[in-house]
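# Observations on the model geometry
If you want the building blocks of each chain, they are given just below.
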Amino acid sequence: MRNIHNWPLWHWHIEISSKCTLECPRCPRSLVPESLVQTELDLNFFKKTFTPELLQQEVMKITFCGDDGDSIYAKDFLNVINYIKHHNKNIQIIIVTNGSYKTSTWWNKLASTLNHNDHVHFSIDGFDQKSNEKYRINSNWKSMMIGLDIMCNNSETFVTWDSIAFKFNENKLNLMKKLAKNIGCDYWQLTLSSQFGSKYSHYNTNGYDEFEPEDKSLIAGNHRFDRQIYNLTNRQYTHNYIQHNKNLYTDIKNKYNEAPHVPLCLIGNKGLYINSKGKFFPCCWVAQRFDHQESYWTSSEFDLRNNTLNEVLNSDKWTELFDSLLTNNSFFECGLKCTSKVVDSNYATSW
């Protein structure tokens, strides 16, 4: 495939659906609801965009996680997973989900399709229904536990219980890790967020953020997040691409050494992003529906529903944008997340 910008086609991050049952307060669904469009990508879109040749020759990893939506609510989700695995069973599938409202039959179908290359992350911030819905509003504990149990015990797939540290759970983190171990999860991951009032004043109400942990060591030290990962079993998930990414980071760091940003999108660890409307973005950060980003991505040239992947990857419009990115500090998310002042080898390759 023609690829004049040398995009790393090995990893794709896809929001197959913008639908979600939850109303998490710090999600774009809640922060900018006026521009949310409920839509999804179907099997025909995947067949057109990800040809058997591309899946067999280029793609190594596909992450299903959205800025707005949860992948499991896409009508064709199971069919899409089947399509990918049919053409390349070695592609690593990563699924990030809240896990609510699916039946045991649905989870068993997913479990039978995935294999030991794959990883499902359940986003669970509580230790029962009442605590979990403090942030994961409208979640359903019973169905989440059904999904966790089936994926942990009826499949080869790796499973992680992902938790964000909040005020309401900061004294129950060990209990949550114990619950994850007892149900059979391979990992428990604690995410330290930066989305709190001490860092962003708009999250405060009357000078107070109800979600911010009292223990300030549970708040991320940078503008992204920090993660603490605990192995609960003897199984080790293999990331075959880590050394490849480190080598690529060194090359890119040297090439763009005078630029204000280190373009992580050229490494691929975050993945080239396709949103639920079928639009292409270098990563999910620049795809979020905030006003300061809208002007960059209004061009129809990035629309994979009306253009081929080859046309989008080689768009002249992107040449213009990418050149501006390397010299212009007005790209808010690039300047915040990929500034050369904070990007090092670990930052660029661990995800």
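Fair warning: this is a prediction, and the values are worked out from it, not measured in the lab. (Residues numbered from 1 in each chain as written. Predicted model: local features only at pLDDT ≥ 70, side-chain atom pairs only at ≥ 80, totals over all residues. Heavy atoms only, no water.)

## Focus: the overall build of the protein
- For the protein, the helix and strand inventory stands at 14 helices and nine strands.
- Whereas a compact globule of 351 residues would reach a radius of gyration of roughly 20 Å, the protein reaches 20 Å, a difference of no more than 12%.
- The dimensions of the protein, computed from C-alpha atoms along their principal axes, are 50 × 50 × 40 Å.
- The buried share of the protein, taken over its 351 residues, is 56%.
- Considering only residue pairs separated by 6 or more positions, the protein has 76% of its internal contacts joining residues 24 or more positions apart.
- Per element, the accessible surface of the protein, about 15800 Å² overall, is 48% carbon and sulfur.
- Looking at charge distribution, the protein has the averaged site of its 37 positive side-chain charges lying 4 Å from that of its 38 negative ones. (Helix = DSSP H or I, 4+ residues; strand = E, 2+ residues; numbered from the N terminus. Rg over C-alpha atoms; globule rule 2.2 N^0.38 Å. Buried < 20%, exposed > 50% of the residue type's maximum accessible area, 1.4 Å probe, protein only. Contact = heavy atoms within 4.5 Å. Areas by Shrake-Rupley, 256 points an atom, 1.4 Å probe, with all protein chains shown as cover. Lys, Arg positive; Asp, Glu negative; His and termini not counted. Charge placed at Lys NZ, Arg CZ, Asp CG, Glu CD.)

## Re the packing of helix α5 (residues 104-113) against helix α7 (residues 141-153)
- It is at 9 Å that the axes of α5 and α7 come closest, and there the two elements cross at 30°. With respect to their mutual orientation, α5 and α7 come out roughly parallel. Pair α5 / α7 crosses with right-handed handedness. Within the contact between the two elements, α5 uses Ser-104, Trp-107, Asn-108, Leu-110 and Ala-111 and α7 uses Ser-143, Ile-146, Gly-147, Ile-150 and Met-151.
- In terms of residue class, the contact of α5 with α7 is built from six nonpolar, four polar and no charged. (Axes fitted to C-alpha atoms, helices over the stretch in contact; angles between N-to-C directions. Parallel < 35°, antiparallel > 145°, perpendicular 65-115°, else oblique. Left-handed = near helix turned anticlockwise from the far one by under 90°. Nonpolar A, V, L, I, M, F, W, Y, C, P; charged D, E, K, R; others polar.)

## Observations regarding the sheet that holds strand β7 (residues 225-231)
- With mixed pairing, the nine strands of this open sheet are ordered in space as β7-β6-β5-β4-β3-β2-β1-β8-β9. Strand pairing shows two members of the sheet lacking a second neighbour, β7 and β9 (280-281), which therefore form its edges.
- Taken together, the four bridges between strand β2 (residues 61-64) and strand β3 (residues 92-97) define a ladder with parallel strand orientation. The residue of β3 that forms the bridge with Lys-61 is Gln-92. (Pairing = 2+ DSSP bridges.)

## A look at the side chain of Thr-49
- Residue placement: Thr-49 occurs in helix α2 (residues 43-49).
- Setting aside residues up to four positions removed in sequence, Thr-49 forms contacts with Leu-54, Leu-304 and Leu-309.

## Examining the side chain of Thr-157
- Structurally, Thr-157 is set in the loop between α7 and β5 (158-164).
- When near neighbours in sequence (up to four residues on either side) are disregarded, Thr-157 contacts Leu-114, Asn-115, Asp-118, His-119, Val-120, Met-151, Asp-186 and Arg-235.

## Details of the environment of Pro-52
- Within the secondary structure, Pro-52 is located in helix α3 (residues 52-57).
- In the structure, Pro-52 is positioned 22 residues away from Ser-30 in sequence and 38 Å away in space, judged by C-alpha atoms.
- The residues touching Pro-52, leaving out its near neighbours within four places in the chain, are Tyr-83 and His-87.

## Here we look at the state of the cysteines
- Inspection of every chain in the model, using the stated rule, returns zero disulfides.
- With no disulfide of its own, Cys-152 lies closest to Cys-185 among cysteine sulfurs, the gap being 3.8 Å.
- Residue class for Cys-152 comes out buried when judged on its relative accessible area of 15%.
- Cys-284 takes part in no disulfide bond, and the closest cysteine sulfur to it belongs to Cys-283, at a distance of 5.6 Å. (Disulfide = S-S within 2.5 Å.)

## Some details on the nonpolar core
- The biggest cluster of nonpolar side chains holds 87 residues, and the ones touching the most others in it are Trp-12, Phe-64, Phe-77, Leu-148 and Trp-161.
- Excluding residues that lie within four positions of it along the chain, Trp-12 makes contacts with Phe-50, Val-59, Lys-61, Ile-62, Thr-63, Leu-272, Ile-274, Phe-280, Leu-309 and Leu-313.
- Counting 10 residues, the second-largest nonpolar core is a separate cluster that includes Leu-22, Phe-168, Phe-196 and Phe-211. (Core = buried A, V, L, I, M, F, W, Y, C linked by side-chain atoms within 4.5 Å.)

## Some points on the environment of Ala-287
- Position of Ala-287 relative to the elements: it lies in the loop between β9 and α10 (291-294).
- Under the relative-accessibility criterion, Ala-287 is labelled buried at 13%.

## Observations concerning helix α9 (residues 242-255)
- Here α9 is 14 residues long and its end C-alpha atoms lie 20 Å apart, about the 20 Å a rise of 1.5 Å per residue gives.
- Residues of α9 that are buried sit in contact with α14 (345-349). (Expected span 1.5 Å × (residues − 1).)

## Section: unusual backbone geometry
- One non-glycine residue, Asn-6, lies in positive phi territory at about 55°.
- By secondary structure assignment, the location of Asn-6 is in the segment before β1 (11-14).
- Positive phi is not limited to glycine here, since Tyr-101 has a value of about 75°.
- Its place among the elements puts Tyr-101 in the loop between β3 and α5.
- For Tyr-101, a relative accessible area of 43% puts it in the partly exposed group.

Scope: geometric values only; no functional claims are made or implied.
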